[in-house]
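# A structural walkthrough
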Amino acid sequence: MRILVFNAGSSSLKYGVFDHAQGAARQVLKGGFERFRDGVCDWTVEAGGQREAGQAPHADLAAAVAAVPGVLAARGIAGVEAVGHRIAHGGPDFTGPATLDEATLARIERLTPLAPLHNPANLQAVRLARQVWPDPPQVGVFDTSFHLTNPPRVTTYAVPESWRAAGLRRYGFHGTSHKYVAERAAEALGQPVTALRIISVHLGNGASVCAINLGRSLESSMGLTPLEGLVMGTRSGDVDPGAFGYLHRQLGLTIEEIEAALNRDSGLKGLTGSSDMRDVEDRAAAGDGAAQLAINLYAHRARKYVGAYAAAMGGVDAVIFTGGIGENSPSMRRRICDGLEFMGLRLDFDRNQAVDLTDRAAPQIQAYGSRVAVLVTETAEQLQIAREVAQHLARPAAAPKPIPVAVSGRHVHLAADSLAALFGPGYELTVKKPLRQPGNWAAEERVTLVGPKGRIEHVAILGPLRKRTQIEVSRTDSFALGIDAPVRDSGQLDGTPVIRLIGPYGQIDTDGLIVAARHIHMNPADALAMGLEDGQIVGVNVGQGERSLTFGRTLIRIQPNAFTEMHIDTDEANAAGIGAGWEGEIVALEAHLDPGV
Ligand code: ADP
C-alpha cells in the first residue's frame, strides 16, 4: 500500500511517501515546503538517493498541498492509496488513528481551543488533501493518543473542580515520536518494549521527555499544551503560573501578550536571541555568557526530568535521545547524562562522539558496565504515521457479540517460596472450587494483607502457584492499606510496591501489589468472529443498568483455551452498578499494543 503522509504547520508543510508491505513501511520520497512569504517558499525533495532544493511560487499551505501531485508525478510516483495526517491534539477521545470523515473532522474542530497554534493548520491540510485526493481514505494520527494511558495522578492539575470540568488537564505531545523511538530502542536492545522502562528524550525545536513504562506512556513533560516542561527553541517550558499576575501588574501585559511571548519569544531565543542550538553552542564556546547560561539551563532541566521519570517508574532500563539536538549534539547528551551516575548511567566518551544514524540505526552509547542503556536514534514520525495508517486500515471491523463480565474480588497468587513462608515448608493448597478460566481455582486458605494504614483479612488465594507472588487489590483497597498500587497487566510486577502478607505459619514482605488492569480473556475462535487481535485495546459498554458505563482501555488477551470473559475489579463493578450475569459489548477499537502484552 502506498501512503502519503502530511505534517502541516502554520508556516511549513512536510510530507513523505511510504510503501507499506508485510508490516513494514519504506520511505520512497521526503519533501517539504517552508517559509511561505511574498508569493514564494523554499522547497526540498529527497527521492532515489537525490536531494533537490529551490524556491517555488507557493505563498501558502493551500498552494503547497496542490503542488504535491506534480512533485510526485515528476518522480514517477502515482496512485496514492491512503493519506495520513499528523494532528497535534486529539483531546481525551482519540486514543488511536481515526478515519477523517466529516463527523470526525467536526469533532477535531471542537478541540481547536486546546491547540490554537497547531490544529487549525492540520485540519486545513486535511480539507485541502480531500479535494486533491477525493478517493483514498484520509486518516488522522494524533500526537496526544500515546499519552492517553497516563494515570489520573499524572493528568490532573491540582486546581478547582470547575476548571477541571472545563477540560483543564495534562495531555502530552510528541506521542508518535516517543512511541516510535521506544519501539526502535527495544528492537535494538533485543527485548519487547513491554519488558522495559524507557525514558525518551526528544530534543528538537519543540522538546519533551516521556516515561514509557512497559510499553505505555506513563507521563510526558508537556501538559495541556506543548508549552510545559523542557526549555525549547522559542518556548519557555516550566514557568510558575504566578508569572501571569506578576507580569500583568508590573509590565501591564495582557494574557495574549504573555502567552505569545512564552510560546514564541522564550526558550533559547529568549535567553540568547537565537532559537537554534547550533548557534547557541558556537556562541557559548566563544565565551558568550548568555549562551553558556542557556546551555546549562537547558541541560539541567532535561536531566531533572530524566531523574524524575526514573523515580516515577521505580527505575529505568534505557534512555533514548532523539530530535535534532538529541541526535546531533554529543555535548548536550553528555551534559544531560553527567550527574546521572548515581542511578547507574554512564556514557562512553568515544561512542557518544561517534554516533552514526545511517539507515535508522539506534547505536548504544553507554559505558561498559552501565546499568542503564543509552541509545540515540533519528525520530521518524512520518514513518510511524504511515505504519499506523496501514494498521488502522487493515484492521477488520469488529462484529459485536455480548461478553460476560466477571467481577474479581481482591486476591493473591502465590509463588512456591511465599507459600512455604506463609503456611509452612512443604504445604500444599487445598482446591475449594474451579474458576471459569480452565486450570485456575480458588483455594480454601486465606491470607491477611498489611499496609502502613490498615490491614485486610481473609483474602482469597487463587491457584495454581505462579513464578512470582502477585497481590491484586482494588484502588479503594490500596487506600485502606495505605500503599499506592499501580495499575498493571497480570505478571508485570517489576518495580511494584512491597506489602506484608501474614499466614498461619509466618509472614513475608513481598513486592507484587497491583490494581489489575481490566482485560478480556478470549479464545481464538471468538476473537476471529469479533475481528479482534491479541494486545488490542477496546472500549466496552456495560449498558444494562442506570449506571451504564463504557470502560475504555480494556486489553484483549487471547489464549488457546480461554473462556471468553471480561474481568473488572470491585471498584469498577460498583461504578457501573454491575450485577451477576451481566454482559458487555465492544463499542470502540482504541489502539493496539504489541502481541504478548
Ligand atoms: P523540529 O522539532 O522542528 O523537527 P529538529 O528536530 O530538526 O526540529 O531540531 C532542530 C534543532 O536541532 C535546532 O535547535 C538545531 O540547532 C538543532 N541541531 C541540529 N543539528 C545540530 C548539531 N549538529 N548540534 C547541535 N544542535 C543541532
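Please read all numbers here as calculations on a predicted model, not as lab measurements.

## As for the overall build of the protein chain
If you tally the helices and strands in the protein chain, you get 19 helices and 28 strands. For a compact globule of 597 residues, the expected C-alpha radius of gyration is about 25 Å, and the protein chain comes in at 26 Å, within 12% of that figure. Dimensions of the protein chain, computed from C-alpha atoms along their principal axes, come out at roughly 80 × 55 × 50 Å. Across the 597 residues of the protein chain, 51% fall into the buried class. For the protein chain, the share of sequence-separated contacts (at least 6 apart) that also reach a separation of at least 24 residues comes to 65%. Of the roughly 26400 Å² of accessible surface on the protein chain, a fraction of 52% belongs to carbon and sulfur atoms.

## Some words on the layout of surface pockets
Of the voids in this model, the second largest pocket is the one considered here, and its volume is about 1400 Å³. Along the wall of the second largest pocket there are 46 residues; nearest its centre are Thr149, Pro151, Pro152, Arg475 and Val487. Of all the secondary structure elements, the ones that give two or more residues to the lining of the second largest pocket are α4 (152-155), β11 (216-220), α11 (289-313), α17 (475-481), β20 (487-488), β23 (513-516), β26 (549-558) and α19 (570-576).

## Focus on the sheet that holds strand β12 (residues 318-322)
Pairing in this open sheet of five strands is mixed, and the strands run β11-β10-β9-β12-β13 from one edge to the other. At either end of the open sheet lies a strand with only one pairing partner, and these are β11 and β13 (373-376). Averaged over all neighbouring strand pairs, the angle between strand axes comes to 20°, with direction disregarded.

## Details of the site of the ligand
Taken together, 14 residues lie around the ligand, and Asn205, Asp276, Met277, Arg278 and Gly324 are the ones closest in. Contact between the ligand and asparagine 205: an oxygen atom at 2.8 Å from a side-chain N or O atom of the residue. Isoleucine 325 is positioned such that a nitrogen or oxygen atom in its backbone is 3.3 Å from an oxygen atom of the ligand. Isolated, the ligand exposes 580 Å² of accessible area, and the fraction of that covered by the protein chains is 72%. Listed by contribution, the elements that provide at least two residues to the shell around the ligand are α10 (277-285) and α12 (323-328). The biggest single contributor to the shell around the ligand is α12, with four residues. Residues of the shell around the ligand, tallied by class, amount to two nonpolar, eight polar and four charged.

## Focus: unusual backbone geometry
For the bond from glycine 463 to proline 464, the omega torsion is 0°, close enough to zero to count as cis. Here proline 464 is to be found in strand β18 (residues 455-466). The phi torsion at arginine 35 lies on the positive side, around 50°, for a residue other than glycine. When you line up the elements, arginine 35 lands in strand β3 (residues 24-37). The backbone of histidine 458 shows a phi angle near 55°, a positive value even though the residue is not glycine. By the element assignment, histidine 458 lies in strand β18.

## Re the sheet that holds strand β2 (residues 12-21)
An order of β5-β4-β3-β2-β1-β6-β8-β7 is seen for the eight strands of this open sheet, with the pairing classed as mixed. Of all the strands in the sheet, just β5 (50-56) and β7 (98-99) have a single pairing partner and so form its edges. Sheet strands in contact with helix α15 (residues 381-394) are β1 (2-8), β2, β3, β6 (82-87), β7 and β8 (138-142), and its direction is about 50° off that of β2.

## Here we look at the packing of aromatic side chains
Across all of its chains, the model carries six aromatic pairs by this definition. Taking the centre distance of 5.9 Å and the plane angle of 55° together, the rings of phenylalanine 6 and tryptophan 133 count as tilted. Linking phenylalanine 6 in strand β1 with tryptophan 133 in the loop between α3 (119-132) and β8, this pair joins segments that are 127 residues apart in sequence. Taking relative accessible area as the criterion, tryptophan 133 reaches 11% and is therefore assigned buried. Arranged with centres 5.1 Å apart and planes meeting at 25°, the rings of phenylalanine 423 and tyrosine 427 form a pair that is stacked.

## Structural notes on the packing of helix α2 (residues 102-109) against α3
Relative orientation of the contacting elements α2 and α3 amounts to 165°, with a least axis distance of 10 Å. If you check the angle between α2 and α3, you find them roughly antiparallel. α2 and α3 meet at a crossing whose hand is left-handed. Contact with α2, carried on its side by Glu102, Leu105, Ile108 and Glu109, involves Asn119, Leu123, Val126, Arg127 and Arg130 of α3 and no other residues of that element. Partitioning the contact of α2 with α3 into residue classes produces four nonpolar, one polar and four charged.

## Quick look at the pairing of strand β16 (residues 431-434)
Here β16 runs beside strand β17 (residues 441-450); their pairing, made up of three bridges, is antiparallel. Paired with proline 434 across the bridge in β17 is tryptophan 441. In sequence, β16 turns back onto β17 through a hairpin of six residues, with glycine 439 there showing a positive phi of about 90°.

## Describing the environment of proline 560
The residue proline 560 is located in the loop between β26 and β27 (565-569) in this model. For the pair proline 560 and methionine 522, spaced 38 residues apart in sequence, the C-alpha to C-alpha distance is 8.2 Å. Here proline 560 is in contact with Asn523 and Pro524, once residues within four sequence places are set aside.

## So, the UniProt feature "binding site: Mg(2+)" (unreviewed entry) in the protein chain
When the UniProt feature table is mapped onto this chain, "binding site: Mg(2+)" (unreviewed entry) is found at Asn7 and Glu381. Their sequence span is 375 residues, while the largest C-alpha to C-alpha distance among them is just 9.1 Å; these annotated residues converge on one region. With respect to the helices, strands and loops of the structure, asparagine 7 is situated in strand β1. Dropping the residues within four chain positions of it, glutamate 381 is found in contact with Arg86, His174, Thr176, Ser177 and His202.

## Structural notes on the UniProt feature "binding site: substrate" (unreviewed entry) in the protein chain
The UniProt entry lists Arg86 under the feature "binding site: substrate" (unreviewed entry), expressed in the numbering used here. Among the structural elements, arginine 86 can be located in strand β6. Setting aside anything within four residues of it in sequence, one finds arginine 86 in contact with Phe6, Asn7, Asn122, Val141, Asp143, His174, Glu381 and Ile385.

The rules behind the values
- Residues numbered from 1 in each chain as written.
- Predicted model: local features only at pLDDT ≥ 70, side-chain atom pairs only at ≥ 80, totals over all residues.
- Heavy atoms only, no water.
- Helix = DSSP H or I, 4+ residues; strand = E, 2+ residues; numbered from the N terminus.
- Rg over C-alpha atoms; globule rule 2.2 N^0.38 Å.
- Buried < 20%, exposed > 50% of the residue type's maximum accessible area, 1.4 Å probe, protein only.
- Contact = heavy atoms within 4.5 Å.
- Areas by Shrake-Rupley, 256 points an atom, 1.4 Å probe, with all protein chains shown as cover.
- 1 Å grid on protein atoms, 1.4 Å probe; cavity = no way out; pocket = protein on both sides within 12 Å on 5 of 7 lines; lining within 4 Å.
- Points joined across faces, edges and corners; volume = space filled by probe spheres on them.
- Pairing = 2+ DSSP bridges.
- Axes fitted to C-alpha atoms, helices over the stretch in contact; angles between N-to-C directions.
- Near = heavy atom within 4 Å.
- Polar contact = N/O pair within 3.5 Å; in protein donor to acceptor, adjacent residues only side chain to side chain.
- Nonpolar A, V, L, I, M, F, W, Y, C, P; charged D, E, K, R; others polar.
- Phe/Tyr/Trp six-rings, centres within 6.5 Å; stacked < 30°, edge-to-face > 60°.
- Parallel < 35°, antiparallel > 145°, perpendicular 65-115°, else oblique.
- Left-handed = near helix turned anticlockwise from the far one by under 90°.
- UniProt positions renumbered as here; feature names shortened; annotations may be inferred.

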